[in-house]
Amino acid sequence: MATDDIKSGTTSWKEQANTKLHSGVTMLNNAFNGLSMQAKKTTLLTTGTCIAAFCLLSLRQGFMPSNDTSIKFESMTKPLTQQPMQTKPDTTELIPLGKMKGEVNGKFEAFYVAMDRRGNFFKNENPAYSNERWKMSPDWKPLSYNQFMEYDKQLQFLPLKSKQLKP
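Quick summary incoming for the structure in this document.

1. Things to note about the packing of aromatic side chains
Centre-to-centre distance and the angle between the planes together describe a pair of aromatic rings. Evaluated as defined, the whole model comprises five aromatic pairs. Taken together, a centroid distance of 5.0 Å and an interplanar angle of 65° make the contact between Phe 111 and Tyr 151 edge-to-face. Pair noted here: Phe 111 is in strand β2 (residues 107-115) and Tyr 151 is in helix α4 (residues 145-154), with a separation of 40 residues, a long-range link. Centroid distance Phe 121 to Phe 148: 4.4 Å. Interplanar angle 10°. Geometry classified as stacked. Here Phe 121 is found in strand β3 (residues 121-124), whereas its partner Phe 148 is found in helix α4, with 27 residues between them in sequence. The residues Phe 121 and Phe 148 share a single accessibility class, namely buried. Here the aromatic cluster, defined as three or more aromatic residues joined through ring pairs, consists of Tyr 112, Trp 134 and Trp 140. The ring centre of Phe 111 lies 4.9 Å from the NZ or CZ of Lys 123, which sits over that ring.

2. Concerning the nonpolar core
Among the nonpolar cores identified, the biggest contains ten residues, and these are Leu 97, Met 100, Val 104, Phe 111, Val 113, Phe 121, Leu 143, Phe 148, Tyr 151 and Leu 155. Those elements that place two or more of their residues in this core are β1 (95-104), β2 and α4. Counting six residues, the second largest nonpolar core, distinct from the first, contains Leu 94, Tyr 112, Trp 134 and Trp 140.

3. Some details on the pattern of salt bridges
Applying the stated criterion across every chain yields a total of two salt bridges. Between Glu 93 and Lys 135 there is a salt bridge, and its shortest N-O distance comes to 3.3 Å. Remark: Lys 135 occurs in the loop between β3 and β4 (141-143) and Glu 93 occurs in the loop between α3 (73-77) and β1; sequence separation between them is 42 residues. The class for Lys 135 is partly exposed, based on a relative accessible area of 27%. Residue Glu 125 is joined to Lys 123 by a salt bridge in which the shortest nitrogen-to-oxygen separation is 3.8 Å. In this structure Glu 125 comes out as exposed when scored by relative accessible area, which is 54%. Among the residues examined, Lys 123 registers a relative accessible area of 13% and is labelled buried.

What counts and what doesn't
- Along each chain, residue indices are assigned from 1 in the same order as the chain's sequence is written.
- Local features in a predicted model are, by the rule used here, given only for residues with pLDDT of at least 70; side-chain atom pairs are given and counted only at 80 or more, and totals for whole chains, interfaces and linings are based on all residues.
- The basis for every side-chain value is the complete set of heavy atoms in the structure, and neither hydrogens nor water enter the calculation.
- Stacked, edge-to-face and tilted are the three classes for Phe, Tyr and Trp ring pairs, Trp counted by its six-membered ring, which pair at centre distances within 6.5 Å; planes under 30 degrees apart are stacked, over 60 edge-to-face, the rest tilted.
- For helices the rule is a DSSP run of H or I covering at least 4 residues; for strands it is a run of E covering at least 2, with both sets numbered from the N terminus onward.
- The rule is simple: take the accessible area with a 1.4 Å probe, protein chains only, and divide by the maximum for that residue type; under 20% is buried, over 50% is exposed, in between is partly exposed.
- Working rule: Lys NZ or Arg CZ, within 6 Å of ring centre, within 35 degrees of ring normal, means a charge sits over the ring.
- The nonpolar core is taken to be a set of buried Ala, Val, Leu, Ile, Met, Phe, Trp, Tyr and Cys residues, with the residues joined through side-chain atoms within 4.5 Å.
- Whenever Lys or Arg places a side-chain nitrogen within 4 Å of a carboxyl oxygen from Asp or Glu, that contact is recorded as a salt bridge.

This is the structure:
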């Protein structure tokens, strides 16, 4: 019975909408038929002209758009390095990796390790405690990858908690 109620509710809603639409069209039809012949011709001519003008303007807009929004082929094929809004990274800024400490050949060593944007390693045994700490300076000595791996085997590596190293 529940499905019958739903169907009857839907049917009655459709019937009500259909009845209101039919009565509105009938009212407009009676009003139009009550006009004089000259008024009917003028109304139909004006309505037809407006609809035709709207259609022609729509077609014209479709064939000749006023603003060009197409994607240029060159901009899709350019590498990202040549895009005008991109800035080049500062090569003097180092990325902090961590601190290495421990004994090497009976001697205690402790130093900070950082990397530049090209992937080169650097070590600093006594960095400055300022805002310029991770800027390239003569205190930062180059460190080859092999040396870094050798130190990594012998020393304890303490990674720094840095916002720059988040994956």
